[in-house]
There are 2 protein chains.
Amino acid sequence: MSLEVEPIIRSSLSKQVADQLQEAILEGSLKADDRLPTEEELSKRFQVSRPTIREALKRLAAKNLIRSRRGPTGGTFVNHLGADELSDHLTTAATLFVSMNQISLSEIAHTRLELESLCCQLACQHRTDEDLTRLETELERQRDINISPEEFCSADVSFHRAIAEASHNRMLSFVMYTLIEALQPVANMITFHFRERDIIISQHERLLQAIRDQNRVTAVEVIKEQVNYLSSLHDEARENHARKQQRD
Amino acid sequence: MSLEVEPIIRSSLSKQVADQLQEAILEGSLKADDRLPTEEELSKRFQVSRPTIREALKRLAAKNLIRSRRGPTGGTFVNHLGADELSDHLTTAATLFVSMNQISLSEIAHTRLELESLCCQLACQHRTDEDLTRLETELERQRDINISPEEFCSADVSFHRAIAEASHNRMLSFVMYTLIEALQPVANMITFHFRERDIIISQHERLLQAIRDQNRVTAVEVIKEQVNYLSSLHDEARENHARKQQRD
DNA sequence: TAATTTATATTTGTATGACAAATTAACTTT
DNA sequence: AAAGTTAATTTGTCATACAAATATAAATTA
């Protein structure tokens, strides 16, 4: 008996379409801000129904690869992906990874310490005037006593992102983004009181000064101090959380 | 005139549904391997049509958060995401980031050098017998002269992953995974010849011995040597590539 | 009886057609 | 000329039907 079978297709049509489109984007045949054909047109070309096309497009939208707008000049467009645009994507991955693997805070703190030390050293070497200005701006936001705890958290994140970018190593920035995003939920467990805000801000001020002076040693010292301080706050928050749960 | 308007909803229904489900997964109310209600049931609960529910599910499927199977015992299930399961997700993000941002190889090499040095130091401290055995196994795979260049590349990746995991810092492993995945396409530009394979393998042997001896200094030295060696190969490959393009 | 085959029910996958909503361009009216 | 109106285009949503896969139970056969 001769055996000449067609290749078995296990993945769904919408997945196959999504993969082809993604490939086109990665390959470069679909460049940033290019407009895809309309859904009807795509369904004709791929010989599948519009709902199937739509499912495929939603897959890509979930990855932030495309965006859609209604209307005559609307349609579906290829996104230009920078670090910011990818952070959504990374947040999911990193947050899930941290929450589902029960990674200890000490592991996170250790990794962050080392990575951020590296960022600071490079920032001391390569920081430009623009970097310094941005750091000052972010610091000013933190000094506002009227902002909510959530806003303070986000200002803190922005400050550390700015440090990462001051390193002028985009690969390192990318990795640091992942780490910062992964830490965000943990950071939100803490509600910074005024006294704690003051301490954080003072650390940031010294850090900024060290980067301005291109003093690597001091910069690394301050980072170490802050990571340790945050770790102690985290432990406290965790204990409070545990006590609260016991009462329920 | 009093102003009491309903909140404006800009995102589509399918996105809202997807976000709610994702939140449930992240929050923990939907645990790994839990089965979601059927699509019909979901469409009743969310008060939207089934195609809309499906678009939402495809969004989550694109993020590898869920999987679906047909049939009576089928349905949609929550994925248990470990490091391996996330690599697909990361590969997209990291590859896109590297390719669309034209990150220089020196930036990548520098970041990798620092991160992998850190891995090695921790591996020296915390490596177990199982870690050593795994490293030996991976090394054995590389020694096989019959494997293809692609297989050699993948064996190399596995070796470096094993080092990352020997650090026993899961956060660092996760970050290192991202970096390794991002580098994969670049690594594939090179076709390792026998002489180059020998050099790589010898470096790996010395690295393994250093980790076995818990000799941090030597381990870091070898890593530095290898990263520099790979950088030179990359430069060569890039030049060849450029020459080839000129001829076309 | 035991193994195999056949129905059957369940659930996701796909197709078709229609209408709603948003948005721009052209047109009309004042 | 400015403002409002209409029409056209494109994504967003809905309803319904059927196809395909797959496990369970019933029926058939050796």
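None of these values were measured; they are calculated from a predicted model. (Residues numbered from 1 in each chain as written. Chains lettered and ligands numbered in written order. Predicted model: local features only at pLDDT ≥ 70, side-chain atom pairs only at ≥ 80, totals over all residues. Heavy atoms only, no water.)

The next subject is the overall build of chain A. Within chain A, the regular secondary structure consists of 10 helices and 2 strands. Each helix (α) and strand (β) of chain A, taken in turn from the N terminus, gives the series α-α-α-β-β-α-α-α-α-α-α-α. Counting over 248 residues, chain A shows a buried share of 49%. Residue pairs at least 24 apart in sequence account for 70% of intrachain contacts in chain A once pairs closer than 6 positions are excluded. Entry remark: accessible area of chain A is about 13300 Å², with carbon and sulfur atoms responsible for 49%. (Helix = DSSP H or I, 4+ residues; strand = E, 2+ residues; numbered from the N terminus. Buried < 20%, exposed > 50% of the residue type's maximum accessible area, 1.4 Å probe, protein only. Contact = heavy atoms within 4.5 Å. Areas by Shrake-Rupley, 256 points an atom, 1.4 Å probe, with all protein chains shown as cover.)

Once chain A has been moved 0.5 Å along the axis and rotated by 180°, it coincides with chain B to within an RMSD of 0.6 Å. Such a combination of turn and shift is consistent with a two-fold rotation axis. Looking at the interface residues of chain A, 98% of them are also at the interface in chain B, so both copies use one shared face. (Least-squares fit on C-alpha atoms with pLDDT ≥ 70 in both.)

For the rest of this paragraph, the subject is the protein's contact with DNA strand C. Around DNA strand C, the surrounding shell holds 25 residues, and the nearest of these are Leu 13, Ser 49 and Pro 72 of chain A together with Arg 50 and Arg 54 of chain B. Counting only atoms of DNA strand C within 4 Å of the protein, the sugar-phosphate share comes to 65%. Here a sugar or linking oxygen of DNA strand C sits 3.5 Å away from a polar atom, N or O, in the side chain of Arg 70 of chain A. At the level of secondary structure, the elements contributing two or more residues to the surface near DNA strand C comprise α1 (13-27) and α3 (50-62) of chain A together with α3 (50-62), β1 (66-69) and β2 (75-78) of chain B. Within the surface near DNA strand C, the residues separate by chemical class into 5 nonpolar, 11 polar and 9 charged. (Near = heavy atom within 4 Å. Polar contact = N/O pair within 3.5 Å; in protein donor to acceptor, adjacent residues only side chain to side chain. Nonpolar A, V, L, I, M, F, W, Y, C, P; charged D, E, K, R; others polar.)

With that out of the way, let us pick up helix α1 (residues 13-27) of chain B. Residues and elements named next belong to chain B. Over its 15 residues, α1 runs 21 Å from end to end, which matches the ideal 21 Å to within 8%, given 1.5 Å per residue. When we look at burial in α1, the residues that qualify are Ser 14, Val 17, Ala 18, Leu 21, Gln 22, Ala 24 and Ile 25. All buried residues of α1 project into a common sector of 155° when viewed along the axis, lining one side. (Expected span 1.5 Å × (residues − 1). Arc of directions from axis to C-beta.)

Our next topic: the interface of chain A and chain B. The partner chain B presents 49 residues to the 48 residues of chain A that form the contact. A buried area of about 4300 Å², summed over both sides, lies between chain A and chain B, and 72% of it is on carbon and sulfur atoms. Considering only the surface of chain A that becomes buried against chain B, Phe 97, Arg 170 and Met 171 of chain A emerge as the three largest contributors, covering 15% of it. For the pair chain A and chain B, the number of links is 4 salt bridges. Between Glu 55 of chain A and Arg 54 of chain B there is a salt bridge, and its shortest N-O distance comes to 2.7 Å. Our count for the contact surface shared by chain A and chain B stands at 8 residue pairs in polar contact (both at pLDDT 80 or more). (Buried area = accessible area lost by both parts, 1.4 Å probe. Salt bridge = Lys/Arg side-chain N within 4 Å of Asp/Glu carboxyl O.)

Now for the packing of helix α5 (residues 105-126) of chain A against helix α5 (residues 105-126) of chain B. At their nearest, the axes of α5 of chain A and α5 of chain B sit 11 Å apart, and the two run at 145° to each other. In terms of crossing hand, the pair formed by α5 of chain A and α5 of chain B is right-handed. Across the interface between the two elements, His 110, Glu 114, Leu 115, Leu 118 and Leu 122 of chain A of α5 of chain A pack against His 110, Glu 114, Leu 115, Leu 118 and Leu 122 of chain B of α5 of chain B. Considering only residue class, the contact of α5 of chain A with α5 of chain B consists of 6 nonpolar, 2 polar and 2 charged. (Axes fitted to C-alpha atoms, helices over the stretch in contact; angles between N-to-C directions. Left-handed = near helix turned anticlockwise from the far one by under 90°.)

Here we take up unusual backbone geometry. Residues and elements named next belong to chain A. Positive phi, normally seen in glycine, also occurs at His 168, with a value near 55°. Assignment of secondary structure puts His 168 in the loop between α7 (149-166) and α8 (170-187). A relative accessible area of 40% means that His 168 is categorised as partly exposed. Positive phi outside glycine occurs at Gln 214, with the angle close to 55°. As for its position among the elements, Gln 214 is in the loop between α9 (194-213) and α10 (216-247).

By nearness alone, 26 residues border DNA strand D, and Arg 50 of chain A together with Leu 13, Thr 52, Pro 72 and Thr 73 of chain B come closest of all. Sugar plus phosphate, as a fraction of atoms of DNA strand D within 4 Å of the protein: 67%. One of the backbone nitrogen or oxygen atoms of Pro 72 of chain A is found 3.3 Å away from a base oxygen of DNA strand D. Between DNA strand D and Arg 70 of chain B there is a distance of 3.4 Å, counted from a sugar or linking oxygen to a side-chain nitrogen or oxygen. Along the lines of polarity and charge, the residues of the surface near DNA strand D split into 5 nonpolar, 12 polar and 9 charged.

Our focus in this paragraph is the nonpolar core. Membership of the largest hydrophobic core comes to 100 residues, with the highest contact counts inside it found for Met 171 and Leu 207 of chain A together with Met 171 and Leu 207 of chain B. Not counting the four nearest positions on each side in its chain, Met 171 of chain B is found in contact with Val 98, Ile 103, Glu 107, Ile 108, Thr 111, Leu 179 and Ala 182 of chain A. (Core = buried A, V, L, I, M, F, W, Y, C linked by side-chain atoms within 4.5 Å.)

Okay, the pattern of salt bridges next. This model, assessed by the stated rule, comprises 28 salt bridges over all chains. Between Arg 112 of chain A and Glu 116 of chain A there is a salt bridge, with its nearest N and O atoms 3.0 Å apart. With Arg 112 of chain A and Glu 116 of chain A both in helix α5 and 4 residues apart, the pair spans about one turn of that helix. The two residues Arg 112 of chain A and Glu 116 of chain A agree in class, both being buried. Where Arg 45 of chain B meets Glu 41 of chain B, a salt bridge forms, and the shortest distance between an N and an O atom there is 3.2 Å. Residue Arg 45 of chain B and its partner Glu 41 of chain B are both found in helix α2 (residues 39-46); the two are separated by 4 residues, about one turn of the helix. Residues joined by salt bridges that share partners form a network here, namely Glu 39, Arg 50 and Arg 54 of chain A together with Glu 55 of chain B.

Further remarks concern the confidence of the model for chain A. Residues and elements named next belong to chain A. Here chain A averages 85 in pLDDT, while 84% of its residues score no lower than 70. In this model, residues 1-6 is a region of pLDDT below 50 whose contacts with residues beyond four sequence positions or in other chains number 0 contacts. At the level of chain-chain contacts, confidence expressed as ipTM amounts to 0.75, with global pTM at 0.74. (pLDDT = per-residue confidence, 0-100.)

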